[in-house]
Amino acid sequence: MASSLAAQGGLRVLVSGAGIAGPTLAWFLARSGARVTVLERASDLLAQGQNIDLRGTALNVVHQMGVLDAIRACNTTEKGTEFVDDRGRPFATFALGEGGGGALTTEYEILRGDLAHILYKAAESQPGVDFRFGTTIERVVENGESAVRVELSSGEEVEYDVLVLADGQWSKMRKQVFGTEGLEVVDKNCYVGYYTVPRTSEDGEMSCIHIAPRSRVVLTRPDNHGTTRASFSIVPNDAAQKEAWERASRSRDRKLQMDLLRSEFGDIGWKAPRLLREMDAADDLYFQGVQQIRLAKWYKNRVVCLGDTAYAPTPLTGMGTSLAIDGAYLLAGHLSQLQPGQHPATAFQAYDEQFRPFVSKTQAIPFFVPRILHPQAAWSRWIVQTLIATAARVSRLSWITKLFATNKPTTLSDGLVAELDAPFPSFPAFRRS
Ligand SMILES: Cc1cc2nc3c(=O)[nH]c(=O)nc-3n(C[C@H](O)[C@H](O)[C@H](O)COP(=O)(O)OP(=O)(O)OC[C@H]3O[C@@H](n4cnc5c(N)ncnc54)[C@H](O)[C@@H]3O)c2cc1C
Ligand SMILES: *[C@@H]1O[C@H](CO)[C@@H](O)[C@H](O)[C@H]1NC(C)=O
């Protein structure tokens, strides 16, 4: 077989965003011989983010990167999940791994910031990979036939063969290159605010979920840094409430966001008063409308979208990180197969065609899911709580665990199993000698 473009050291790739997808892509591209520059807007790696987990194929991919053990060692130490009433008494408990692929707590539970760090370290140590922090793309000067030229925030103008946008759900460059045509933002009518608080004796080793009246949920989870991660979520019950949450989620005004959280959750018992009191001191409040990104085509000439930029699925699926990792692997694989003189769009098209069916299935959340998890009336709340309690008692693989996590089966036989529909491609360039 002829040597690929990447293997000849010919492929020059610029990646925007050092989150989850960016470093994963850089690692695999470097392995195939490409030269990669990763730009990150933040002056340092973003340490923020709450629990995420890895499922299915993504476990295979990080295993190939040699970081699976590091990920395991960095787990959040959470022992399982319990549902508690307004006095904190558990009425349903799910142990670690219970519920199989739909488990509420899996073995691969890790904080987003820890995972980002592990992936960055792996990528950064590869020859041919260069990270530049505090640097962004100012504009794409030319997305041409033979190269893509961009102007950086530093004022330099640089030229690459390929530009990969992996800079998150609200990528500015996606807007510039792709416009809004073909972009669909699917609103799941659910809002979340989360942050870190000091851990106290009432927190324990379990993730605790409290379903409060009027479509509100409060959640705490232990982490491996000696602190507690708190999360407040709501499904608005009328237009005015919706408008207030939408405004806060679009705003960068932390005070506005905190005031809303306090006024909307102030009457809840359990740990809520303490968590709200601690909010002022938290420096990592993350406030989000639960919205999906769908893009009709993931590439345009020499520019391609990856991870949340192309297909953010929302935390309701539990698959955002796994999709970013799977997508990075596939995109790097197809790029590594390019022959000298071949246009990168050939690789982009193969990535789009191969991955899109899986992404679509992952994004297909039944419309009623946020509402079921946030029951409005007292009676529906009682029904949901009874169902959850029954599920915890009678069934290990219950419908509720599947609702909470992903709507996909992810069978983890000895931890490593491919779950993509298409047979997982083994790219020759990736085979480790
Ligand atoms: C701070 C933060 C906290 C998060 N917390 C959670 C969470 O608790 N639970 C959850 O399910 N998901 C969370 N997510 C989303 C989750 O990380 C993604 O769904 C998933 O991992 C896909 O990763 P990604 O690499 O595509 O995007 P992201 O992880 O969003 O990474 C994008 C990266 O691009 C950088 N960036 C943004 N704009 C530019 C630019 N113009 N130029 C260069 N770099 C840029 C960002 O700083 C970030 O490092 C969080 C994301 C972020 C950024
Ligand atoms: C989770 O991390 C703790 C502390 O590092 C470790 O003792 C434990 O074995 C880890 N769990 C798994 C499943 O690897």
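If you're wondering where the values come from, they're calculated on a predicted model, not measured in any experiment.

Focus on the sheet that holds strand 14 (residues 216-222)
No. 1: Taken in spatial order, the 7 strands of this open sheet run 5-4-13-14-15-12-16, and their pairing is mixed. With partners counted over all chains shown, the strands left at the sheet margins are strand 5 (90-95) and strand 16 (286-295), one partner each. Averaged over all pairs of adjacent strands, the angle between their axes in this sheet comes to 20 degrees, without regard to strand direction.
No. 2: Across 4 bridges, the pairing between strand 4 (residues 80-84) and strand 13 (residues 207-212) is parallel. Note that in strand 13 the partner of V84 across the bridge is H210.

Regarding the site of ligand 2
No. 1: Neighbouring ligand 2 are R72, A73, N75 and E107.
No. 2: Here A73 contributes a backbone N or O atom positioned 3.2 Å from an oxygen atom of ligand 2.
No. 3: Separating an oxygen atom of ligand 2 from a side-chain N or O atom of N75 is a distance of 2.3 Å.
No. 4: Burial of ligand 2 by the protein amounts to 44% of the accessible area it has alone, namely 360 Å².
No. 5: Here the shell around ligand 2 is built from residues that sort into 1 nonpolar, 1 polar and 2 charged.

A look at the side chain of S231
No. 1: Locating S231 in the fold gives a position in strand 15 (residues 227-234).
No. 2: Every residue in contact with S231, bar those within four places of it in the chain, is listed here: Q50, V192, G193, Y194, V217, V218 and L219.

Quick look at the environment of T317
No. 1: Mapping T317 onto the fold places it in the loop between helix 9 (308-311) and helix 10 (320-336).
No. 2: By relative accessible area, T317 is classed as buried at 1%.
No. 3: In this structure the side chain of T317 is engaged in a polar contact, spanning 3.1 Å, whose partner is the backbone nitrogen of M319.

Observations concerning helix 11 (residues 344-363)
No. 1: Taking 1.5 Å as the rise per residue, helix 11 with 20 residues should run 28 Å; its terminal C-alpha atoms sit 27 Å apart, in good agreement.
No. 2: Within helix 11, the axis deviates most sharply at R356, by approximately 40 degrees, and proline P357 lies no more than four positions further along.
No. 3: Of all the positions in helix 11, only P344, A345, A347, F348, Y351, D352, F355, F358, V359, T362 and Q363 are classed as buried.
No. 4: Buried residues belonging to helix 11 abut strand 11 (162-165), strand 16, strand 17 (299-300), strand 18 (303-305), helix 9 and helix 10.

Examining the side chain of R174
No. 1: Examined against the element boundaries, R174 turns out to sit in helix 5 (residues 172-178).
No. 2: Buried and unpaired, R174 has D167 as its nearest opposite-charge partner, separated by 7.2 Å.
No. 3: Within the local environment of R174, its side chain forms a polar contact with the backbone oxygen of T309, the two atoms lying 2.7 Å apart.
No. 4: If sequence neighbours within four positions are ignored, R174 has contacts with L165, G168, Q169, G179, L183, I293, L295, C305, D308 and T309.

Structural notes on the sheet that holds strand 2 (residues 35-40)
No. 1: As summarised here, the arrangement of the 6 strands in space is 7-2-1-11-18-17, forming an open sheet in which the pairing is mixed. In this open sheet, the two strands that pair with only one neighbour each are strand 7 (129-133) and strand 17.
No. 2: Each of strand 1 (12-16), strand 2, strand 7 and strand 11 is contacted by helix 1 (residues 21-31), which is oriented at about 170 degrees to strand 2, the strand it contacts most.

Details of unusual backbone geometry
No. 1: A positive phi angle, near 55 degrees, is found at R214, a position not held by glycine.
No. 2: Within the element layout of this structure, R214 appears in the loop between strand 13 and strand 14.
No. 3: For R214, a relative accessible area of 45% puts it in the partly exposed group.
No. 4: Unusually for a residue other than glycine, T314 sits at a positive phi of about 80 degrees.
No. 5: Following the sequence through the fold, T314 ends up in the loop between helix 9 and helix 10.

Structural notes on the confidence of the model for the chain
When pLDDT drops low, the exact placement of atoms in the prediction is not to be read closely.
No. 1: Per-chain confidence: the chain averages 86 in pLDDT, with 87% of residues scoring 70 or above.
No. 2: Scored below 50 in pLDDT, residues 395-425 makes 80 contacts in the model with residues more than four places away or belonging to other chains.
No. 3: The model gives residues 428-433 a pLDDT under 50, and that stretch makes 17 contacts with residues more than four places away or in other chains.

A word on the packing of helix 2 (residues 57-64) against helix 10
No. 1: Where helix 2 contacts helix 10, the two axes come as close as 9 Å, and the packing angle between them is 60 degrees. On the basis of the axis angle, helix 2 is oblique to helix 10. Considering how the two elements wind past one another, helix 2 and helix 10 form a crossing that is left-handed. For the pair helix 2 and helix 10, contact is made by T57, A58, V61, V62 and Q64 and by S322, I325, D326 and Y329, respectively.

A look at the environment of A122
No. 1: Turning to its location among the elements, A122 is positioned in helix 4 (residues 112-124).
No. 2: Owing to a relative accessible area of 10%, A122 belongs among the buried residues under this scheme.
No. 3: Taking the C-alpha atoms as reference points, A122 and G66, separated by 56 residues in sequence, lie 8.3 Å from one another.
No. 4: The contact partners of A122, leaving out residues within four places of it in the chain, are W27, M65 and V67.

Side note on the site of ligand 1
No. 1: Taken together, 27 residues form the shell around ligand 1, and within it A21, E40, Q50, R112 and D308 come nearest.
No. 2: Between ligand 1 and I20, the relevant distance is 2.8 Å, taken from an oxygen atom to a main-chain nitrogen or oxygen of the residue.
No. 3: Separating an oxygen atom of ligand 1 from a side-chain N or O atom of R112 is a distance of 2.7 Å.
No. 4: Starting from 920 Å² of accessible surface for ligand 1 in isolation, the protein chains cover 89%.
No. 5: Broken down by secondary-structure element, the contributors of at least two residues to the shell around ligand 1 are strand 2 and helix 10.
No. 6: At 3 residues, helix 10 tops the list of elements feeding residues into the shell around ligand 1.
No. 7: Of the residues in the shell around ligand 1, the class split is 11 nonpolar, 11 polar and 5 charged.

Definitions and limits used
Residues numbered from 1 in each chain as written. Chains lettered and ligands numbered in written order. Predicted model: local features only at pLDDT ≥ 70, side-chain atom pairs only at ≥ 80, totals over all residues. Heavy atoms only, no water. Pairing = 2+ DSSP bridges. Helix = DSSP H or I, 4+ residues; strand = E, 2+ residues; numbered from the N terminus. Axes fitted to C-alpha atoms, helices over the stretch in contact; angles between N-to-C directions. Near = heavy atom within 4 Å. Polar contact = N/O pair within 3.5 Å; in protein donor to acceptor, adjacent residues only side chain to side chain. Areas by Shrake-Rupley, 256 points an atom, 1.4 Å probe, with all protein chains shown as cover. Nonpolar A, V, L, I, M, F, W, Y, C, P; charged D, E, K, R; others polar. Contact = heavy atoms within 4.5 Å. Buried < 20%, exposed > 50% of the residue type's maximum accessible area, 1.4 Å probe, protein only. Expected span 1.5 Å × (residues − 1). Bend = angle between axes of the 7 residues up to and from the residue. Lys, Arg positive; Asp, Glu negative; His and termini not counted. Salt bridge = Lys/Arg side-chain N within 4 Å of Asp/Glu carboxyl O. pLDDT = per-residue confidence, 0-100. Parallel < 35°, antiparallel > 145°, perpendicular 65-115°, else oblique. Left-handed = near helix turned anticlockwise from the far one by under 90°.

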